[in-house]
Amino acid sequence: MEILKYTEAHKNFRERLRGFLVKEVTPFADQWERDKSVPKSAWKKMGQGGFLCTDVAPEYGGRGGDFLFSLIVAEEMTRTRQTGLSTLLHSDIVVPYISAFGSEELKKKYLPGCVCGDIVTAVAMTEPGAGSDLAGMQTAAVEEGEEVVIDGSKTFISNGLNADIVVVAARDPALENPYEALSLYVVESGTPGFTTGRRLEKMGMWSQDTAELFFSKCRVPQKNRLGDKGMGFLMLMQKLQQERLVCAIMGVTGAEYILEWTMNYCKQTSISGKPISKSQAVQFALVEMATDVKLGRTFVDKLVADHMEAKDIIVETSMAKYWTTDMLNRIANRCLDLCGDFAMSEKCPIVRAWRDAKVMTIFAGTNEIMKNIAAKFMGM
Ligand SMILES: Cc1cc2nc3c(=O)[nH]c(=O)nc-3n(C[C@H](O)[C@H](O)[C@H](O)COP(=O)(O)OP(=O)(O)OC[C@H]3O[C@@H](n4cnc5c(N)ncnc54)[C@H](O)[C@@H]3O)c2cc1C
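Within each chain, residues carry numbers counting from 1 in the order of the written sequence. Local features in a predicted model are, by the rule used here, given only for residues with pLDDT of at least 70; side-chain atom pairs are given and counted only at 80 or more, and totals for whole chains, interfaces and linings are based on all residues. In computing side-chain properties, one takes all heavy atoms of the structure into account and sets aside hydrogens as well as water.

**Q** Any chance you could break down unusual backbone geometry for me, citing the residues and the numbers?
**A** Here arginine 81, not a glycine, exhibits a phi torsion of approximately 60 degrees, which is positive. Relative to the helices and strands, arginine 81 is located in the loop between helix H4 (67–78) and helix H5 (87–101). Each residue is placed in one exposure class: buried if its accessible area under a 1.4 Å probe, protein chains only, is under 20% of its type's maximum, exposed if it is over 50%, and partly exposed if it falls in between. We classify arginine 81 as partly exposed; its relative accessible area is 22%. Notably, phenylalanine 156 is not glycine yet its phi reads approximately 55 degrees, a positive angle. Structurally, phenylalanine 156 is set in strand S3 (residues 147–158). A run of DSSP states H or I qualifies as a helix once it reaches four residues; a run of E qualifies as a strand once it reaches two. Both are numbered from the N-terminal end.

**Q** Account for the site of the ligand, naming residues and giving values.
**A** We call a residue near a molecule or strand when any one of its heavy atoms sits within 4 Å of it. Around the ligand, 18 residues are found, and the nearest of them are Thr126, Ser132, Phe156, Thr366 and Glu368. Interatomic distance of 2.8 Å between a backbone N/O atom of methionine 125 and an oxygen atom of the ligand. In the model, an oxygen atom of the ligand is placed 2.6 Å from a nitrogen or oxygen of the glutamate 368 side chain. To be clear on the numbers: accessible area is Shrake-Rupley with a 1.4 Å probe, and residue cover counts the displayed protein chains and nothing else. When the ligand sits alone it has 970 Å² of accessible area, and the protein chains cover 64% of it. Two N or O atoms count as a polar contact when they lie within 3.5 Å, although within protein this holds only if one can serve as hydrogen donor and the other as acceptor, and sequence-adjacent residues are included solely when both atoms are side-chain atoms.

**Q** Go over the domain arrangement of the protein chain, please, and point to the residues and values.
**A** Residue ranges for the domains trace back to a domain assignment, done automatically or taken from a database. One can read the domain layout of the protein chain as domain 1 (8–119), domain 2 (123–228) and domain 3 (234–377). For domain 1 and domain 3, the distance between their C-alpha centroids amounts to 22 Å. In what follows, residue pairs with any heavy atoms lying within 4.5 Å of each other are defined as contacts. Between domain 1 and domain 3, the residue contacts involve 20 residues of the former and 23 residues of the latter. Surface buried jointly by domain 1 and domain 3 totals about 2,100 Å² across both partners, of which 66% is contributed by carbon and sulfur atoms. Its largest share of buried area at the contact with domain 3, domain 1 owes to Phe67, Arg79 and Arg81, together 33% of the area lost on that side. Only one rule defines a salt bridge in this text: a Lys or Arg side-chain nitrogen within 4 Å of an Asp or Glu carboxyl oxygen. For the pair domain 1 and domain 3, the interface holds 5 salt bridges. In this structure, arginine 297 engages glutamate 75 in a salt bridge whose closest nitrogen and oxygen atoms are separated by 2.9 Å. In this structure, the connection of domain 1 to domain 3 is made through 7 residue pairs in polar contact (both at pLDDT 80 or more). Secondary-structure elements contributing two or more residues to the side of domain 1 that touches domain 3 are helix H2 (29–35), H4 and H5. Summed over both partners, the accessible area (1.4 Å probe) lost when two parts come together is defined as the buried area.

**Q** So, the pairing of S3: which residues are in play, and what are the values?
**A** DSSP-based pairing: two strands are paired if at least 2 bridges between them are found. Bridge analysis of strand S2 (residues 140–144) against S3 gives 5 bridges, and the strand direction is antiparallel. Bridged to glutamate 144 within S3 is glutamate 147. If you look at the hairpin formed by S2 and S3, you'll find 2 residues sitting between the two strands, and glycine 145 has a positive phi there, around 60 degrees. As paired elements, S3 and strand S7 (residues 210–221) share 9 bridges and run antiparallel to each other. Within the sheet, the bridge partner assigned to glutamate 147 lies in S7 and is proline 221.

**Q** I'd love a proper account of the side chain of glutamate 33, names of residues and values included.
**A** Tracing the backbone shows glutamate 33 in helix H2. For glutamate 33, a relative accessible area of 5% puts it in the buried group. Discounting residues that sit within four places of it in the chain, glutamate 33 has contacts with Thr83, Met205, Trp206, Ser207, Arg352 and Arg355.

**Q** I'd like a description of the layout of surface pockets, backed by residues and values.
**A** By volume, the second largest pocket amounts to about 360 Å³. Here a cavity means grid points, on a 1 Å grid over the protein atoms only, where a 1.4 Å probe fits yet cannot get out; a pocket means an open set of points with protein on both sides within 12 Å along at least five of seven lines; lining residues are those with an atom within 4 Å of a point. Forming the walls of the second largest pocket are 18 residues, and the residues nearest its centre are Gln238, Lys239, Gln241, Gln242 and His307. Among the secondary structure elements, those contributing two or more residues to the lining of the second largest pocket are H4, H5, helix H8 (232–268) and helix H10 (314–338). Looking at the lining of the second largest pocket element by element, the count peaks at 4 residues for H8. Classification used: nonpolar for Ala, Val, Leu, Ile, Met, Phe, Trp, Tyr, Cys and Pro, charged for Asp, Glu, Lys and Arg, polar for all others including Gly. Taken together, the residues of the lining of the second largest pocket sort by class into 5 nonpolar, 7 polar and 6 charged. Looking at which domains feed residues into the lining of the second largest pocket, each of domain 1 (8–119) and domain 3 (234–377) gives three or more. Grid points are joined across faces, edges and corners, and a volume is the space filled by probe spheres set on the points.

**Q** Please set out the pattern of salt bridges residue by residue, giving values where relevant.
**A** In total, this model carries 32 salt bridges according to the counting rule given. Glutamate 15 is the partner of arginine 18 in a salt bridge, and the nearest nitrogen-oxygen pair spans 3.7 Å. On the criterion of helical spacing, the pair formed by arginine 18 and glutamate 15 is a turn pair, its members being 3 residues apart in helix H1 (residues 8–24). Taking the shortest distance from any N to any O, the salt bridge between arginine 355 and glutamate 33 comes out at 3.8 Å. Taken together, the positions of arginine 355 in helix H11 (residues 349–357) and glutamate 33 in helix H2 put the pair 322 residues apart, joining distant regions of the chain. Sharing partners across several salt bridges, the network here consists of Arg14, Glu15, Arg18, Glu75, Glu76, Glu256, Arg297 and Asp301.

This is how it looks when you write it as structure tokens:
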């Protein structure tokens with residue numbers, strides 16, 4: 001049963017993207033892992049190819065594509081097994097804040113650069129004392145006439161060092177209620193009072209730069225606020241849905257890749273003259289994993305279709321984020337077992353995928369928080 005209806009334009013786009021990634025991304029993935037960063041030139045090439053921010057309207061340089069274009073990019077980028085060129089974060093998570101809530105002036109100023117790869121973006125919510133509990137954010141934003149003064153710090157910010165602009169969530173310290181206190185501001189790199197800290201050393205996603213950000217009497221124009229003052233929390237809640245759906249797409253696509261590779265490995269690797277895949281224990285393991293992957297794919301494709309029809313899928317998206325990313329970790333773990341000692345070699349293509357899978361249960365809202373949200377909206 002085909003849930004998603006791809007047009008010729010979608011299919012051609014996927015083919016073109018695949019060709020591009022084979023030439024411009026996959027060959028460099030190992031080097032980017034060693035460098036622990038991705039050159040800005042890679043972002044520009046993605047932009048020139050038309051693979052960034054595919055949903056941005058043509059008047060701002062985009063193609064005005066539907067979410068299937070984002071899905072295609074998410075799937076194909078996941079299959080490159082590199083995470084440093086985090087275009088999904090840029091295109092489907094950060095830039096939508098500007099497209100949806102930015103003033104006309106901000107959209108004209110930033111969106112064309114985001115589409116062509118001249119501008120790399122980040123979103124800064126997490127603080128040393130506030131991760132899951134977004135309401136506990138302490139970074140202050142005090143509006144003074146035409147300006148806003150930002151003070152505080154953020155941590156674990158993806159693209160933190162590479163970003164040209166950061167969407168920063170900060171609160172009016174005079175207001176207690178987070179539903180009224182939080183606002184979102186676009187802060188450009190190089191703004192006096194805005195500095196970046198360490199590149200954080202991580203167990204996985206080595207090529208993705210993750211950093212601390214510091215704001216000390218950082219003055220930005222008040223017109224850099226996205227939407228109305230005090231609407232930050234609601235804007236985050238609205239856009240975190242798509243972020244979690246993108247995580248679910250990455251989860252299921254990552255699991256498909258790992259399983260596909262492992263099945264081939266088991267067919268081609270023999271013990272005592274017989275392929276491993278002829279063992280019933282291995283067959284059962286592979287079939288059980290293939291069942292999980294198919295269930296995940298069907299669920300996620302259905303959610304993509306519902307998301308495109310703007311249906312209310314908050315419960316299902318929370319379920320999909322936690323289930324697919326847990327499943328990805330289970331499959332990565334089990335598949336590595338099937339590789340024997342090769343699982344300890346960096347030459348084994350699923351080793352990096354295993355390492356990178358762990359964070360998927362943590363960011364974009366931990367899997368425990370996903371269950372909290374589902375329980376709340378299920379009336380518990
Ligand atoms: C590689 C990486 C990239 C990241 N990129 C970004 C980024 O670009 N921008 C950004 O803003 N943030 C980013 N983050 C931060 C990420 O969103 C947070 O790590 C995440 O929200 C969890 O917050 P925390 O780490 O403070 O954990 P905590 O909130 O301290 O949670 C610790 C544990 O307690 C559990 N827990 C907490 N509250 C509850 C509850 N109410 N009920 C049940 N269990 C609970 C959690 O599930 C978790 O198991 C990134 C993190 C990583 C690791």
